[in-house]
Amino acid sequence: MTKDNIDSVDSAKNFCTVSGRPLVIGTGTGTKWQWLKKGRPIEERNKPIQELIDQLLLALNNGYYHIDTAEIYTTHPEVAEAVKQSGIKREDLWITSKYNPYRQVTAAEAIKSTLAELQTDYLDLYLIHAPFFEDEASYSIEMAWKEIIEAKKQGKIRYIGVSNFSIPNLERIFKAFEPEFYPVVNQIEFHAYLQNQSAGITDYCKKRNILLEAYAPLTPLFRIQSGEADTEGDPLRKILPALSDKYQKTDSQILLRYALQKGYLPITTSSKVQRIRETLAIYEFELSADDVALIDKQGSTFHFRSFFNSNFD
Ligand SMILES: NC(=O)C1=CN([C@@H]2O[C@H](COP(=O)(O)OP(=O)(O)OC[C@H]3O[C@@H](n4cnc5c(N)ncnc54)[C@H](OP(=O)(O)O)[C@@H]3O)[C@@H](O)[C@H]2O)C=CC1
Ligand SMILES: O=C1Nc2ccccc2C1=O
C-alpha cells in the first residue's frame, strides 16, 4: 500500500490517522459473529469465540490495522484478546466501536463498559450505531451526542461519528452543537445496488467533509444477509468477469476498489487469508473513470438493501 495510491482516492481523508498513517480499509466483527452469538444459549454468550479471535489475528498479522466493532455485536472480548495476542501496540491500531441506543443504557455508561471490555483507555472512533431508537427510548440523539462529546473531551474517544444517519438526522446535530463537535464519519450501507442509503446522503456527507464508511460492500456478490445467495442473474454479474479480466483482480477487489473510488472507506471481513490479502491490495490499482461509471450505471438498474429495510424503504 503506498501513500500515493491512498492520496489519489477521494475517500482517504487524512484527518483520521493511526500513528501518522491514513485510515484504511477496516475488518468487521459484526453480522456473522453477532448472529452466531445470538444463537447461543444465554450462559455461553459471554464466552469469546475462538474462531473470531483467529480471524482477527489473521487480519492483523497480514496488515490490517483498522478494526470495526460495536456494543451490539458483543465482540469486544474477542477484539481485546486478538489485540493482546497480536503484540501490536495500541497506538498502531484504529479501533471503532458503536453505541447501542436500544439497550436503554446511556452513552456515558456504554462508553465505560466498552472501554473495559476492549481493555483500552480510548477508542479511535465512536459512533451512534443508528438513529432509529427514539421511538423506543426516552433518550434522544442530542442527549447521546452530548455525552459522547463529554467522553471526547475527557480523552476517551479520539473521533466521534454516526452510522445509518440520513441528512435530517445529521442536521439535528449540526443545529444543536458547535462545529468542533460535528460528526466526522457516517458509516452506512454502500454498494452498487445501494448507492445512497438515504436520499442524497453520499453527496451531502462529501460536501460536509464527513468521511463515508461503507459496510456490506460485497453485497452484489452474495446477498448472504437475506439468504438469497444466488446472484447469478444480477446485473453486475454481467460486467464483473470482464472487469476482473481487464484489471487482473478478483470480483471482490473490483467492488471494494469501486467503493473506495466512490469516496467510501470499506469495512469488510473474511476468515480466509487469501481474501484478507486481496482486500488490502485494493490500494495497488485504480479503476478508470469510465469503469466506475459503468458500475454505477449497471448497479443502478437493480435495488437491493441488506440492512435496516423497515427503517428506510
Ligand atoms: N453500522 C452498521 O449498521 C453495520 C456495520 N457493519 C460492519 O461492516 C462489517 C462488514 O459487513 P458484512 O455484512 O460482514 O459484509 P461484507 O460485504 O464485508 O461481507 C462479508 C462476508 O463476505 C464473505 N467474503 C469476503 N470476501 C469474499 C469473496 N471474495 N468471495 C465471497 N465471499 C467473500 C466473508 O466470508 P468468508 O469468511 O468466507 O470470506 C464474509 O462472510 C461488519 O462485520 C460490521 O463490522 C455491517 C452491517 C451493518
Ligand atoms: O454488522 C452488523 N450487522 C447487523 C445486522 C443488523 C443490524 C445491525 C448490524 C450491524 O451493525
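Residues numbered from 1 in each chain as written. Chains lettered and ligands numbered in written order. Predicted model: local features only at pLDDT ≥ 70, side-chain atom pairs only at ≥ 80, totals over all residues.

- Looking at an unreviewed UniProt entry, one finds the chain named 2-dehydropantolactone reductase and attributed to Debaryomyces hansenii.
- Under the Sequence similarities (unreviewed entry) heading, UniProt states for the chain: "Belongs to the aldo/keto reductase family." (UniProt positions renumbered as here; feature names shortened; annotations may be inferred.)

Examining the overall build of the chain
Part 1: Along its length, the chain carries 13 helices and ten strands.
Part 2: Computed over the C-alpha atoms, the radius of gyration of the chain is 19 Å, within 12% of the 20 Å expected from 2.2 N^0.38 for a compact globule of 313 residues.
Part 3: Along the three orthogonal principal directions, the C-alpha set of the chain runs to about 50 × 45 × 40 Å.
Part 4: When each of the 313 residues of the chain is scored for burial, the buried share is 40%. (Helix = DSSP H or I, 4+ residues; strand = E, 2+ residues; numbered from the N terminus. Rg over C-alpha atoms; globule rule 2.2 N^0.38 Å. Buried ≥ 20, exposed ≤ 12 C-beta atoms within 10 Å, placed from the backbone.)

Some remarks on the UniProt feature "site: Lowers pKa of active site Tyr" (unreviewed entry) in the chain
Part 1: Under the local residue numbering, the UniProt record ascribes the feature "site: Lowers pKa of active site Tyr" (unreviewed entry) to Lys 98.
Part 2: Here Lys 98 shows up in strand β5 (residues 94–99).
Part 3: Overall, Lys 98 belongs to the buried group, with 26 C-beta atoms counted inside 10 Å.
Part 4: The contacts of Lys 98, once residues within four sequence positions are left out, are Ala 70, Glu 71, Leu 127, His 129 and Ser 163. (Contact = placed C-beta atoms within 7 Å.)

Focus: the UniProt feature "binding site: substrate" (unreviewed entry) in the chain
Part 1: UniProt's feature table lists "binding site: substrate" (unreviewed entry) at His 129, given in the numbering used throughout.
Part 2: Mapping His 129 onto the fold places it in the loop between β6 (123–128) and α6 (141–153).
Part 3: Each residue touching His 129, except ones within four places of it in the same chain, is listed here: Ala 70, Ile 72, Lys 98, Tyr 99, Asn 100, Pro 101 and Ser 163.

Quick word on unusual backbone geometry
Part 1: In the Ramachandran plot, Thr 31 falls in the positive-phi region, its phi being about 20° despite a non-glycine side chain.
Part 2: Tracing the sequence through the fold places Thr 31 in helix α2 (residues 31–38).
Part 3: Positive phi, close to 55°, is recorded for Gln 248, a residue that is not glycine.
Part 4: Secondary-structure assignment places Gln 248 in the loop between α9 (235–247) and α10 (251–261).
Part 5: By the C-beta count within 10 Å, which is 8 here, Gln 248 ends up exposed.

Remarks on the site of ligand 2
Part 1: All residues in the neighbourhood of ligand 2 are listed as Gly 30, Thr 31, Gln 34, Ala 70 and Phe 307.
Part 2: Of the residues contributing to the shell around ligand 2, the split by class is two nonpolar, three polar and no charged. (Near = placed C-beta within 6 Å. Nonpolar A, V, L, I, M, F, W, Y, C, P; charged D, E, K, R; others polar.)

Thoughts on the packing of helix α3 (residues 50–61) against helix α4 (residues 76–86)
Two quantities define a packed helix pair, namely the angle between the helix axes and the distance between the axes.
Part 1: Contact geometry for α3 and α4: axes closest at 9 Å, N-to-C directions at 45°. By the criterion of interaxial angle, the relationship of α3 to α4 is oblique. The two elements α3 and α4 meet at a crossing, and its hand is right-handed. In contact with Leu 52, Ile 53, Leu 56, Leu 57, Leu 60 and Asn 61 of α3, α4 contributes Glu 78, Val 79, Glu 81, Ala 82, Gln 85 and Ser 86. (Axes fitted to C-alpha atoms, helices over the stretch in contact; angles between N-to-C directions. Parallel < 35°, antiparallel > 145°, perpendicular 65-115°, else oblique. Left-handed = near helix turned anticlockwise from the far one by under 90°.)

Things to note about the nonpolar core
Part 1: With 72 residues, the main nonpolar core has Leu 56, Tyr 126, Ile 148, Leu 212, Ala 214 and Ala 259 as its most contacted residues.
Part 2: Here this core gets six residues from one element, more than from any other, and that element is α10.
Part 3: Contact partners of Ala 214, with chain neighbours within four places excluded, come to Phe 190, Ala 259, Tyr 264, Leu 265, Pro 266 and Ile 267. (Core = buried A, V, L, I, M, F, W, Y, C linked by C-beta atoms within 7 Å.)

Concerning the site of ligand 1
Part 1: Of all residues adjacent to ligand 1, which total 27 residues, the nearest are Gly 28, Gly 30, Leu 218, Thr 268 and Ser 270.
Part 2: Contributions of two or more residues to the shell around ligand 1 are made by α2 and β10 (264–268).
Part 3: Taken together, the residues of the shell around ligand 1 break down into eight nonpolar, 15 polar and four charged.

Quick word on the sheet that holds strand β9 (residues 211–215)
Part 1: As summarised here, the arrangement of the eight strands in space is β3-β4-β5-β6-β7-β8-β9-β10, forming a closed barrel in which the pairing is parallel. Averaged over all neighbouring strand pairs, the angle between strand axes comes to 30°, with direction disregarded.
Part 2: Pairing analysis gives two bridges linking strand β3 (residues 26–28) to β10, with the strands arranged parallel. By the bridge assignment, Thr 27 is partnered in β10 with Thr 268.
Part 3: Across the sheet, α10 touches β9 and β10, and the angle it forms with β10 is around 145°. (Pairing = 2+ DSSP bridges.)

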